[in-house]
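Chains, contacts and geometry: an overview
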Amino acid sequence: MDCLFIRRNLFSYQEHKLSDKDTKEFEAHLLSCAECSRIVSEFRSVTSVIDLRKDAEPNPFAGTRIIQRLESEMESNKEKREPVFIRILQPLAVAALLVIAVLIGYSIVKQGNPEISAIINHQQDIQAIQSDLNILDFIDEDETFFANK
Amino acid sequence: MTESELVEGLINQNKIAIQYLVDHYQKDVIKTAYYFVAIMEDAEDLSQEVFLEVFRSISRYKKNASLSTWIYRITVNKSLDHLRRQKRRNIFNQVKSFIQVSHDGTNVISKEQPTLDTRNEDNEKRQILDMAVNSLPENQKIAFILNKYEEMAYKDIAEIMDLSVSSVESLLHRAKLNLQKKLVNYFSEYA
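A few points on the structure. (Residues numbered from 1 in each chain as written. Chains lettered and ligands numbered in written order. Predicted model: local features only at pLDDT ≥ 70, side-chain atom pairs only at ≥ 80, totals over all residues. Heavy atoms only, no water.)

Within chain B, the secondary structure is distributed over 8 helices and 0 strands. Counted from the first residue to the last, chain B has its helices and strands arranged as α-α-α-α-α-α-α-α. Counting the 191 residues in chain B, one finds 45% classified as buried. Sequence separation of at least 24 residues holds for 58% of the intrachain contacts in chain B that already meet a minimum separation of 6. (Helix = DSSP H or I, 4+ residues; strand = E, 2+ residues; numbered from the N terminus. Buried < 20%, exposed > 50% of the residue type's maximum accessible area, 1.4 Å probe, protein only. Contact = heavy atoms within 4.5 Å.)

Our next topic: the packing of aromatic side chains. If you walk through the whole model with that rule in mind, you get 7 aromatic pairs over all chains. Look at A:Tyr13 and A:Phe26: their rings are 4.0 Å apart centre to centre, the planes differ by 15 degrees, and that puts the pair in the stacked class. Of this pair, A:Tyr13 sits in helix α2 (residues 10–14) while A:Phe26 sits in helix α3 (residues 20–32), and the two are 13 residues apart along the sequence. Like A:Tyr13, the residue A:Phe26 is buried in the burial classification. Judged by centre distance (6.3 Å) and plane angle (75 degrees), the ring pair of B:Tyr186 and B:Phe187 falls under edge-to-face. B:Phe187 carries the same exposure label as B:Tyr186, and that label is buried. In this structure an aromatic cluster arises from ring pairing among A:Phe11, A:Phe43 and B:Phe144. (Phe/Tyr/Trp six-rings, centres within 6.5 Å; stacked < 30°, edge-to-face > 60°.)

A few words on empty space enclosed by the protein. All names here are of chain B. For the coordinates displayed, the defined rule picks out 1 cavity of 30 Å³ or more. The calculated volume of the largest cavity comes to roughly 40 Å³. Every residue lining the largest cavity is listed: Tyr25, Asp28, Val29, Ser68, Ile71, Tyr72 and Thr75. Mapped by element, the contributors of at least two residues to the lining of the largest cavity are α2 (15–37) and α4 (67–104). Counting residues per element, the lining of the largest cavity draws most heavily on α4, which supplies 4 residues. Of the residues that constitute the lining of the largest cavity, the class distribution is 4 nonpolar, 2 polar and 1 charged. (1 Å grid on protein atoms, 1.4 Å probe; cavity = no way out; pocket = protein on both sides within 12 Å on 5 of 7 lines; lining within 4 Å. Points joined across faces, edges and corners; volume = space filled by probe spheres on them. Nonpolar A, V, L, I, M, F, W, Y, C, P; charged D, E, K, R; others polar.)

Residues and elements named next belong to chain B. Packing of helix α7 (residues 154–161) against helix α8 (residues 165–189) brings their axes to within 8 Å, and their N-to-C directions diverge by 100 degrees. Taken as axis vectors, α7 and α8 run roughly perpendicular relative to one another. Residues Tyr154, Lys155, Ile157, Ala158 and Met161 of α7 lie in contact with α8, whose contacting residues are Val165, Val168, Glu169, Leu171 and Leu172. Among the residues making up the contact of α7 with α8, the classes are represented as 8 nonpolar, no polar and 2 charged. (Axes fitted to C-alpha atoms, helices over the stretch in contact; angles between N-to-C directions. Parallel < 35°, antiparallel > 145°, perpendicular 65-115°, else oblique.)

So, in structure tokens, the structure goes:
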């Protein structure tokens, strides 16, 4: 058995996949070849890291973080599903509320403040008198017109 | 909860189904990602991306493969994407530091080669093994990691990689030959 066979069968030797005969020859070669013996030892040492890595444990809170991320994804999905309400209905509702508030305010002011009510009533009286006068003027004009005839 | 109930629950964004999914698969997902990327924090971040992907594309999940196989596939793909990004970043950083070095006139790039003589031994061994595994072609790397780290059967690896069992056997054989060659060269060079 030569060094090349050793170097090409490091995994097979480690995984006990060589035949009994090859295993015996492999081990006999190691006893007689210092360089191959060193390489086999280094190989075993480096590949032992695989087992070390298997023992690593994740952070116990990793699952909580994943859930939080998924929940925030669900929230953003909900927001995406309600654009009609957010973009159209909500501003309309706010505008309607404002109009209602103005109307309510106006009627409260009108009923609650006597001075303003008096002014408004006074203005209404003036308007009524003015319209009466306009009608009288019109009648006068008609009478003059017929008299002249 | 059966697999189809779980899938149905996830499609309906049921919180119990989400909790079950995470409880049931998080450890496997994180560990698989960790075997690829070698840093636990990165693996945990990647696991979030994996579960997000599962959650977003569950309606496209076809039941011709088991849910766990599908999740493994997503995990492997996300891990490989991460490694590719990392590689690009490393190249960019090397170019950047080379340009800086050219301006300074002093060479600060030392191609760090881990040696077994310096005895922060586990770390050194990890670096050597990762260097060798990461230099394998992608398919060989996936087959090797799933077989040696995850201890998966050839049949399961074949399902995840969407290959025949004989193709997986061949990939693994070549992966081991390549790794042996790289490691022996390394041991001979840095003896």
